[in-house]
Amino acid sequence: MRRLIDAYLACQGASMAQLKLLAYLAEQPRRSTDIASFFDQAPRTVTQAIDALEQNGLVFRSPAPDDRRSKLVQITDAGRATLGLAMPLYDDIVGQTFGSLTADELEGLDAAIKHLNRLVDHLETKASVPETQVPAPKSRAHD
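Basis of the calculations
- Position numbers for residues count from 1 along each chain, tracking the sequence in the order it is written.
- Residue-level local features of this predicted model are given only where pLDDT is at least 70; pairs of side-chain atoms are given and counted only at 80 or more, and the full residue set underlies all totals for whole chains, interfaces and linings.
- Side-chain measures were taken over the full set of non-hydrogen atoms in the model, leaving aside hydrogen atoms and water.
- Secondary structure follows DSSP: runs of H or I at least 4 residues long count as helices, runs of E at least 2 residues long count as strands, and numbering of each begins at the N terminus.
- Any two of the Phe, Tyr and Trp rings considered here, Trp counted by its six-membered ring, make a pair once their centres fall within 6.5 Å; the pair's planes then place it as stacked at under 30 degrees, edge-to-face at over 60, or tilted in between.
- The rule is simple: take the accessible area with a 1.4 Å probe, protein chains only, and divide by the maximum for that residue type; under 20% is buried, over 50% is exposed, in between is partly exposed.
- Each ring is checked for a lysine NZ or an arginine CZ that lies within 6 Å of its centre and within 35 degrees of its normal; such an atom marks a charge sitting over the ring.
- Here, axes are lines fitted to C-alpha atoms. For helices the fit covers the stretch in contact, and angles between N-to-C directions go from 0 to 180 degrees.
- Orientation is classified from the angle alone, with under 35 degrees giving roughly parallel, over 145 giving roughly antiparallel, 65 to 115 giving roughly perpendicular, and any other angle giving oblique.
- The contact rule is simple, with two residues in contact once any of their heavy atoms fall within 4.5 Å.
- Following the grouping adopted for this structure description, the nonpolar residues are Ala, Val, Leu, Ile, Met, Phe, Trp, Tyr, Cys and Pro, the charged ones are Asp, Glu, Lys and Arg, and the polar ones are all others, Gly among them.
- By the criterion applied in these results, polar contacts are pairs of N or O atoms within 3.5 Å in which, for protein atoms, one can donate a hydrogen and the other can accept it, and in which residues neighboring in sequence qualify only through two side-chain atoms.
- Exposure above 30% relative accessible area and the lack of any salt bridge qualify a residue for a patch; like charges then connect within 9 Å, and the nonpolar side chains Val, Leu, Ile, Met, Phe, Trp and Tyr within 5 Å.
- Methods summary: accessible areas were calculated by the Shrake-Rupley approach with a probe of 1.4 Å, and residue burial reflects only the protein chains presented.
- Put simply, a salt bridge is a Lys or Arg side-chain nitrogen that is within 4 Å of an Asp or Glu carboxyl oxygen.
- Every helix has an expected span of 1.5 Å times one less than the residues it contains.

(A) Representation of unusual backbone geometry in the model. For D40, which is not glycine, the phi torsion reads 55 degrees and is therefore positive. Its location among the elements puts D40 in the loop between helix 3 (32-39) and helix 4 (43-55).

Right under this line is the structure:
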């Protein structure tokens, strides 16, 4: 589905990742550190994404009023226009994809996602145990 959405959005000069970033910035200007934290991305990855959007005139950076070392990233009118053109394409593809599922299939998908979220929560909790308490992996005998 991601490939299909990216292919359609490429016609609008955007990608799904860029669309998500534009939608996030449409709410309010943000610092790159806040963007990196929200999307759980490395700061360098976010900087590259912002650079690409800025080169295309979809966002701009301005000094943060409360910290002159920091910059706020803001969506431009062109960014809002791109978002306005791309969102209906995105919504249509998502609607067609998930709209093709029966009620039972949607319930099964919902249950699977909830199960996976619980599993990830459990694994994250387990991973936060100090390393000295984590059992060492068992060595395997070689043939």
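Read on for the rest.
(B) The packing of aromatic side chains, seen in detail. Per the counting criterion, the structure on display carries three aromatic pairs. A centroid spacing of 4.1 Å and a plane angle of 15 degrees characterise the contact between Y24 and F38, whose relative ring orientation is stacked. Residue Y24 is located in helix 2 (residues 16-27), and its partner F38 is located in helix 3; the two are separated by 14 residues in the primary sequence. Overall, the relative accessible area of 8% leaves Y24 in the buried class. Judged by its relative accessible area of 52%, F38 is exposed. For the ring pair F38 and F39, a centre distance of 4.9 Å and an interplane angle of 90 degrees mean the geometry is edge-to-face. Here the aromatic residues Y24, F38 and F39 are joined through ring pairs into a cluster of three or more. When the ring centre of Y24 is taken as reference, the NZ or CZ atom of R30 above it lies at 3.9 Å.

(C) The arrangement of the packing of helix 2 against helix 4 in detail. Interhelical geometry of helix 2 versus helix 4 gives an angle of 85 degrees and a closest axis separation of 11 Å. Between helix 2 and helix 4, the angle is such that the two are roughly perpendicular. Judged by residue contacts, Q18, L21 and L22 of helix 2 engage A49, I50, A52 and L53 from helix 4. Of the residues that constitute the contact of helix 2 with helix 4, the class distribution is six nonpolar, one polar and no charged.

(D) Up close: the side chain of Q18. Its location among the elements puts Q18 in helix 2. Take Q18: its relative accessible area is 18%, and that puts it in the buried class. Only 3.1 Å separates the side chain of Q18 from the backbone nitrogen of S15, close enough to count as a polar contact.

(E) A look at a nonpolar patch on the surface. Together, M1, F98, L101, L106, L109 and I113 make up a nonpolar patch on the protein surface, roughly 470 Å² of accessible area in all. Along the chain, L106 falls in helix 6 (residues 103-127). Since its relative accessible area comes to 37%, L106 is described here as partly exposed.

(F) Summary view of the side chain of T76. On the secondary structure map, T76 appears in the loop between strand 3 (67-75) and helix 5 (77-99). Note on T76: relative accessible area 15%, which makes it buried. Discounting residues that sit within four places of it in the chain, T76 has contacts with G57, L58, V59 and F60.

(G) Structural detail: helix 4. In this model, helix 4 (13 residues) spans 18 Å end to end at C-alpha, consistent with the 18 Å of a helix rising 1.5 Å per residue. Among the structural elements, helix 2, helix 3, strand 2 (59-64) and strand 3 are those in contact with the buried residues of helix 4. Trailing helix 4 by a residue or two, G57 shows a phi angle of about 75 degrees, which is positive.

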